[in-house]
Amino acid sequence: MSRNDELADRFEEFADRLEATGVEYKPQSYRRAAENVRAYPESVESLVADGGDGVEAIEGVGEALAAKIVEYVETGAIEELEELRTELPVDMATLTSVEGVGPKTVGTLYDELGVEDLDDLETVAREEKIREISGFGATSEENILAGIEFARQANERSLLGDARPLGEALMEYVAGGADGAVERCELGGSLRRWRETIGDVDLLVASDDPGSVVERFTDWDRADAVIEAGTSKASLRANGVRMDLRVVVPKEFGSALQYFTGSRDHNIGVRNRAIERDLKVNEYGVFDVSELGSDGSSDESDGVSDVDDPESGQRVGERVAGETEAGMYEAVDLPPIPPELREDSGEIDAAAAGDLPVLVELDAVRGDLHVHTDWSDGKHSIEEMIADAAEFGHEYVCITDHASGPGIVADTGLADDDLREQRGAIEDATAAVDADIDVLCGVEANIDADGGVSVGDEVLDDLDLVVASPHSGLDGDGTDRLVTAIEHPHVDVIGHPTGRYLNRRPGLDLDFERVAHAAAEHGVALEVNANPHRLDLSGGAVRTAIEAGATITVDTDAHRPASYELLRYGVHTARRGWAEVDDVLNARDAAGLRAFLAD
Ligand code: DGT
Ligand code: CA
Ligand code: CA
Ligand code: ZN
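Residues numbered from 1 in each chain as written. Chains lettered and ligands numbered in written order. Predicted model: local features only at pLDDT ≥ 70, side-chain atom pairs only at ≥ 80, totals over all residues. Heavy atoms only, no water.

**Student:** Could you clarify how one ought to interpret the UniProt feature "domain: Helix-hairpin-helix DNA-binding motif class" (unreviewed entry) in the protein in this entry?
**Tutor:** The UniProt record annotates "domain: Helix-hairpin-helix DNA-binding motif class" (unreviewed entry) at residues 53-72, 93-112 and 128-147. Taken as a whole, residues 93-112 contains 70% helix and 0% strand, while its terminal C-alpha atoms sit 19 Å from one another. For the annotated span residues 128-147, helix accounts for 50% and strand for 0% of the residues, and the straight-line distance between the end C-alpha atoms is 15 Å. (UniProt positions renumbered as here; feature names shortened; annotations may be inferred. Helix = DSSP H or I, 4+ residues; strand = E, 2+ residues; numbered from the N terminus.)

Here is the structure:
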């Protein structure tokens, strides 16, 4: 998380707390400032360093907010926010993570029932006290109770989109130690496998001087607390995320990286292959134990072990690999397996048979087919979104503003007449932007409860591309609904097919195999929405889609130019679904894309 993101989070919390105490208008200006700070291309630190006035260059930041930014950058806290926290001692972020609980509700529940955290909320909901407060009923109480359980599981894990930048910042910092102690440095664990949520961040370092690496790690200025620090291991907490460091000697780096990348079940598969070959695999290396007794124990070591090392018994027999990860796999007669596949879902058999997929790469994606502008709920003009897509390197972009309908914020969705008018505006903007990019004219229509699409046929007929997405009624079985939308003659892409929101709501129940087969049959692409809150389709669903013969598309659903950068989360999610370049619609060139759309 960048400093701008941290500050934006503080401003959002500010807004929530003001709103909870009934303050009007002001919360809106904090939210707007939060959004602009998040999207601002320069870091607030550098703006502050340039002199206090620099931060006022950010839209929506006047004198008062500028002072708070300076205060935050200089002291790491905002006094007024601390006061608000004391006044209303509630766990705002966790409570509002319960679907259906907003800041106002948090304020009311605190005033009426003294609710401070999730446990309190659960207690009063179970005791049926919420329904007695005016404005609440039995239904909202039941919804809250259902939301609590989901929020509880969810709050334990961070989003990939938050943990990844945080992990990368830590890695860069640790690797940048001036004394050259770090020989290699990599992120491991679920972060390296690009899982959609992350329990903790694992950082692995190769060094002959673990002490100085541990010291640098624990000195990180973004750490809120050091949890523990040993001779070659340490843990800290930053932005609510636990981060583990492990330092190993360079010749064991490959085996340690393989081990700490996981998944656990994948590693068990690798270990079993090793046993069949009279080898022993662990975090220290691959060892030939054919000369040893059947229990694999031996006093012999490779010289690395010492009496202080309780694990030294793990370094037994003749060492045959460990320096590189590729060498680890080679020792058990396997090609290297990409981290995204290491989930014990057939990847070892596929690797052994020479059937590993050649996974799609970020660079292969040529365009974004799901982009919003200020015509609906985006924040930037058509022209800006086109120009920035070109700058990002895209060969084409499709403007897909929301059509009006349920689940779309009032007044932001476009009626049929607006869509007709927008077509001309997109053509004008395309002409005005001085960039070599192909612009398609599309829409994001709603999929109604019965699978109908919220835009007239005549308008749909005129558009280059139609994304249809579910935005409301996101519980219960949605299979028929999606299949009906797929069968619609004008629909080209199903956007965020399940409607899930990570850590908030699970989305539609789907017989996804049926959906995937329908999509394959009707030539409709299924989206991997790259927004880190969604990652919808999931990796598992991508795999089902591809096995059914369906095409996927990886899009950002950008509401601002900075969001084009989120594409990587979608691509790695597609890779977790074994996607190859030919499976991905927007990896085709513009002619190939248009041929798909014309079919
Ligand atoms: P997370 O942090 O919950 O998102 O998931 P991971 O996969 O990052 O798990 P973590 O941080 O507990 O451990 C990192 C890797 O280390 C894990 O993927 C596999 C390996 N590992 C950790 N503990 C064990 C263990 O008890 N047995 C085995 N076989 N591997 C382990
Ligand atoms: Ca981890
Ligand atoms: Ca860990
Ligand atoms: Zn959208």
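So, next bit.
**Student:** Hey, could you run me through the coordination of the calcium ion (ligand 2) in this one?
**Tutor:** Note on metal sites: the ideal angle is 109.5 degrees for four tetrahedral donors, and 90 or 180 degrees for six octahedral donors. Distances from the calcium ion (ligand 2) to its protein donors, namely Asp200 (O), Asp200 (OD) and Asp202 (OD), fall within the range 2.2 to 2.5 Å. Between the calcium ion (ligand 2) and the calcium ion (ligand 3), a spacing of 3.8 Å is present, and a bridge between the two is formed by aspartate 200. Note on aspartate 200: relative accessible area 22%, which makes it partly exposed. Judged by its relative accessible area of 18%, aspartate 202 falls in the buried class. (Donors = N, O, S within 2.8 Å, 3.2 Å for Na, K, Ca; no water. Buried < 20%, exposed > 50% of the residue type's maximum accessible area, 1.4 Å probe, protein only.)

**Student:** Looking at this model, I keep getting lost on empty space enclosed by the protein. Mind explaining?
**Tutor:** Summary: where empty space remains is shown by rolling a probe the size of a single water molecule over the atoms. Under the criterion given, the structure shown has 1 cavity of 30 Å³ or more. Size it by volume and the largest cavity reaches roughly 50 Å³. What lines the largest cavity is Ser255, Gln258, Tyr259, Asn267, Arg271, Val281, Asn282 and Glu283. Elements represented by at least two residues in the lining of the largest cavity include exactly α13 (253-261), α14 (264-276) and β8 (279-282). If you tally residues by element for the lining of the largest cavity, the top one is α13, at 3 residues. Here the residues of the lining of the largest cavity sort into 2 nonpolar, 4 polar and 2 charged. (1 Å grid on protein atoms, 1.4 Å probe; cavity = no way out; pocket = protein on both sides within 12 Å on 5 of 7 lines; lining within 4 Å. Points joined across faces, edges and corners; volume = space filled by probe spheres on them. Nonpolar A, V, L, I, M, F, W, Y, C, P; charged D, E, K, R; others polar.)

**Student:** Just checking my understanding: could you explain the domain arrangement of the protein for this structure?
**Tutor:** How big an interface is tends to be reported as the loss of accessible area on association of its parts. Each assigned domain of the protein is listed with its residue range as follows: domain 1 (3-154), domain 2 (158-248), domain 3 (254-335) and domain 4 (362-598). Opposite the 9 residues of domain 2 that make contact, domain 3 presents 8 residues. Here domain 2 meets domain 3 over a buried area of about 760 Å², counting both sides, of which 61% is carbon and sulfur. Counting the contacts that link domain 2 with domain 3 gives 2 salt bridges. Between arginine 246 and glutamate 283 there is a salt bridge; the shortest N-O distance is 3.6 Å. Linking domain 2 with domain 3 are 4 residue pairs in polar contact (both at pLDDT 80 or more), by the criterion used here. (Domains from an automatic or database assignment. Contact = heavy atoms within 4.5 Å. Buried area = accessible area lost by both parts, 1.4 Å probe. Salt bridge = Lys/Arg side-chain N within 4 Å of Asp/Glu carboxyl O. Polar contact = N/O pair within 3.5 Å; in protein donor to acceptor, adjacent residues only side chain to side chain.)

**Student:** Looking at this structure, how should I read the coordination of the zinc ion (ligand 4)?
**Tutor:** Here the zinc ion (ligand 4) is held by His370 (NE2), His372 (NE2), Glu444 (OE) and Asp557 (OD), and the distances to it run 2.1 to 2.2 Å. Of note is the zinc ion (ligand 4), whose 4 donor atoms meet at the metal with angles of 83 to 167 degrees in an arrangement that counts as irregular. Mapped onto the sequence, the residues coordinating the zinc ion (ligand 4) show the spacing H-x1-H-x71-E-x112-D. In this pair, glutamate 444 is assigned in strand β13 (residues 438-446) and aspartate 557 in the loop between β17 (552-555) and α23 (567-576), connecting sequence segments 113 residues apart. The class of glutamate 444 is buried, set by a relative accessible area of 1%. (Tetrahedral: all angles 85-135°; square planar, octahedral: opposite > 155°, others 65-115°.)

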